[in-house]
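# Residue-level structure breakdown
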Amino acid sequence: MTTSFPDDFLWGCATAAYQIEGSPLADGAGASIWQRFSHDPRLMAAKGETGDIACDHYHRMADDVAMMKEMGLKAYRFSAAWGRVLPDGIGRVNEAGLGFYERLVDTLLANGIEPLCTLYHWDLPAALDDKGGWLNRDSAEWFAEYGRTMFERLDGRVKKWVTLNEPWVITDGGYLHGALAPGHKNVFEAPIASRNLMRAHGAAVKAYREVGKHEIGLVVNLEPKYAASESPDDKAATARATAYMNRQYLDPAIHGKCPAELAEVFGEAWVDWSAEDLALAKQKIDFVGVNYYTRNVTRADPTNWPLAANMVRQPLATYTTTDWEVFPRGLTDVLLWVKDNYGDPAIYITENGAAFFDPPVAEQGRIEDPLRVSYLRHHIAAVGKAIEQGADVRGYMLWSLLDNLEWSLGYSKRFGIVHVNFGTQERTLKDSAKFYREVIATNGACLS
Ligand code: GBH
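Okay, so let's go over this structure. (Residues numbered from 1 in each chain as written. Predicted model: local features only at pLDDT ≥ 70, side-chain atom pairs only at ≥ 80, totals over all residues. Heavy atoms only, no water.)

In the structure shown here, the tally under the stated rule is 34 salt bridges. Here Asp 286 and Arg 209 are joined by a salt bridge, their closest N and O atoms 3.0 Å apart. Residue Asp 286 is found in the loop between helix 13 (275–281) and strand 7 (287–291), and its partner Arg 209 is found in helix 9 (residues 190–211); the two are separated by 77 residues along the sequence. Relative accessible area serves as the criterion here: at 37%, Arg 209 is assigned to the partly exposed category. Residue Asp 358 is joined to Lys 430 by a salt bridge in which the shortest nitrogen-to-oxygen separation is 2.5 Å. Of this pair, Asp 358 sits in the loop between strand 10 (347–351) and helix 15 (370–388) while Lys 430 is found in the loop between strand 13 (427–429) and helix 16 (431–441), placing the two residues 72 residues apart along the sequence. Look at Asp 358 and you get buried, because its relative accessible area is 17%. Because the salt bridges share partners, they merge into one network encompassing Asp 358, Asp 369, Arg 372, Asp 403, Arg 414 and Lys 430. (Salt bridge = Lys/Arg side-chain N within 4 Å of Asp/Glu carboxyl O. Helix = DSSP H or I, 4+ residues; strand = E, 2+ residues; numbered from the N terminus. Buried < 20%, exposed > 50% of the residue type's maximum accessible area, 1.4 Å probe, protein only.)

Structure follows, in C-alpha cells:
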C-alpha cells in the first residue's frame, strides 16, 4: 500500500476553547465577548444555547486526552481562552486559568500527543471589547502581551503556535454582518478591525521572536472561488471574492501589501494602511494554517452588498447540514494556490471536516456517519494529491474532535468524529473516528 504522506506527517484533531470547555467563568476567568453574545437572545441565532457547559471539557480534559490517545492522534490543536489567562485582557495574570492550559499541555505530552496552541479563536475578553476591542489600535499591544505571557510559560512544551484563527471570520462575522460576536453590522468598522487584527498578528509574532524558539503561524479560512462563466463581470466578481476572503490577510502577512480589489469592495469605507502598519503585519511566519470546508462558484451580483458577487448553487452537488458544498478537489487546488502565491510555505491543514445529521446512538453504542466518512476520505485524499504535486503540507487537523457549540448556530450542527450527548456528556466514537484511527495507523495508505 502506498502513501503520499511523509513519515512524520502530523495527524490530529482541532477544537476551540469556547466551543468545548464550558465553565467559562471558572477559577477567576474574565468574561469574553462570546459569553455576552451567547447570553443575548437579540444576537444569538440559537437562542438560549451558550458555552456555559458545552462539552464540559474543562472538567473532563484528562478523559478527553485519553480518548485522543486511543484514536492514535499524533497532534491536537486547541485554543486558549485569553480571559482565563488575563481576566481583564491585559495586566493581572490568573494563575488558575493559565494552569488549566499547562495541565492540558502536560497531559498531551505525557500521552505522546503534540500540542498546537491557537492564541485567539474568537473569545476576546469583554473588558477589552469595552475599550473598543479590535477597533482600538492598542489591540496590537494587548494581543502581544497576552502572547508573551503564553510563550514565556509554555514555549518548548508547545512548539507550534497560531496567532489568530480566521481573521476573515472575525471581521466578516463580528463587524460586518454581525452573525458572530461582538455582533456589529458596520461596513466602516470592518476594514479597521481587519487592519488591527493583522497588526496584532504581527506584534505577537514579533514578541514570539524575542521569547520563543519554535514555530508560529497564522490560520486562514480559504474557499477557492471559481468563476461561474467566462464573462468579464463574473471574472471580476471572482477576483473580488478571492481578494476579500482568501487574500485579505495572507497578502499583508506575507507580502506586506493589501489586494487592490479591497478598495473596490469597501468603497468609501476602505482605509489605507500606513507603511508602518504594513511593516508590522509582515513578519516572517513559520507556516500557514489552512482551514478548508468548501468552495464557491462565483457570479457578479450588484445587489449583494458589499462584494457585488454571489455564489451559484450547484444542483448536483452534496451539501452539508451547514449548507456548504462538498468539493474535495478545492482542497488540492487551494493548497497549490498557497504554494504558488505565497512562496511555497510549510502548510498545516488546521481545520477540515463537516456537519451532517447523525443517527441516534444505536443500542450497541455505534454511530454510523457514512457521509462524514466519505467527506473525510475524499478530502484527505485531496491533501495527498497536493503533496504529490509539491505542496509542503505537514499535518492535518480534523475539525472536530467532539460535537460542540457551533457558535451562533448552537449545538444542532455536529462536526465531531466523537458524538457528545449534551445531557449526560457521554462520548461515543462515530464510525468516522474509527475510520480516522485507521488513516492514522496506516499513514494514509488505507485510502488507496
Ligand atoms: C471554522 O470556521 C471555525 O474556525 C470553527 O470554529 C467552526 O466551528 C468551524 O469552522 C465550522 O464552522 O456558505 O458556502 O459560502 C469556518 C469558516 C467561513 C466556512 C464561511 C464556511 C461559508 C461557506 N467558514 N464559509 S458558504
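Moving on: empty space enclosed by the protein. Using the criterion set out here, one finds 5 cavities of 30 Å³ or more in the structure. In this model, the largest cavity occupies a volume close to 150 Å³. Surrounding the largest cavity, 16 residues form its lining, Tyr 18, Pro 24, Ser 32, Ala 81 and Asp 123 being those nearest its centre. Of all the secondary structure elements, the ones that give two or more residues to the lining of the largest cavity are helix 1 (17–20) and helix 4 (82–85). If one sorts the elements of the lining of the largest cavity by residue count, helix 4 sits on top with 3 residues. Counted by class, the lining of the largest cavity contains 7 nonpolar, 6 polar and 3 charged residues. (1 Å grid on protein atoms, 1.4 Å probe; cavity = no way out; pocket = protein on both sides within 12 Å on 5 of 7 lines; lining within 4 Å. Points joined across faces, edges and corners; volume = space filled by probe spheres on them. Nonpolar A, V, L, I, M, F, W, Y, C, P; charged D, E, K, R; others polar.)

Moving on, we come to the layout of surface pockets. Approximately 1,300 Å³ is the volume found for the largest pocket. Surrounding the largest pocket, 49 residues form its lining, Trp 168, Asp 172, Glu 223, Met 245 and Trp 324 being those nearest its centre. Every element with two or more residues in the lining of the largest pocket is listed here: helix 8 (167–176), helix 10 (232–247), strand 8 (296–300) and strand 9 (309–311). Class assignment of the residues belonging to the lining of the largest pocket gives a composition of 24 nonpolar, 15 polar and 10 charged. For the second largest pocket, the calculated volume is near 190 Å³. Lining the second largest pocket are 13 residues; nearest its centre among them are Ser 4, Ala 381, Glu 388, Leu 447 and Ser 448. Broken down by class, the residue content of the lining of the second largest pocket amounts to 4 nonpolar, 6 polar and 3 charged.

All right, on to the sheet that holds strand 5 (residues 215–221) then. The 8 strands are arranged 1-2-3-4-5-7-10-11 in a closed barrel whose pairing can be described as parallel. Sheet twist, expressed as the mean angle between neighbouring strand axes with direction ignored, is 25°. Relative to strand 11 (residues 393–399), strand 1 (residues 10–14) runs parallel, the two being bridged by 5 bridges. Pairing of Cys 13 across the sheet is with Leu 398, part of strand 11. Here helix 5 (residues 95–110) sits on the sheet and contacts strand 2 (75–79) and strand 3 (114–120); the angle it forms with strand 2, its principal contact strand, is near 175°. Strands strand 3, strand 4 (160–165) and strand 5 of the sheet are contacted by helix 8, whose axis makes an angle of about 45° with strand 5. (Pairing = 2+ DSSP bridges. Axes fitted to C-alpha atoms, helices over the stretch in contact; angles between N-to-C directions. Contact = heavy atoms within 4.5 Å.)

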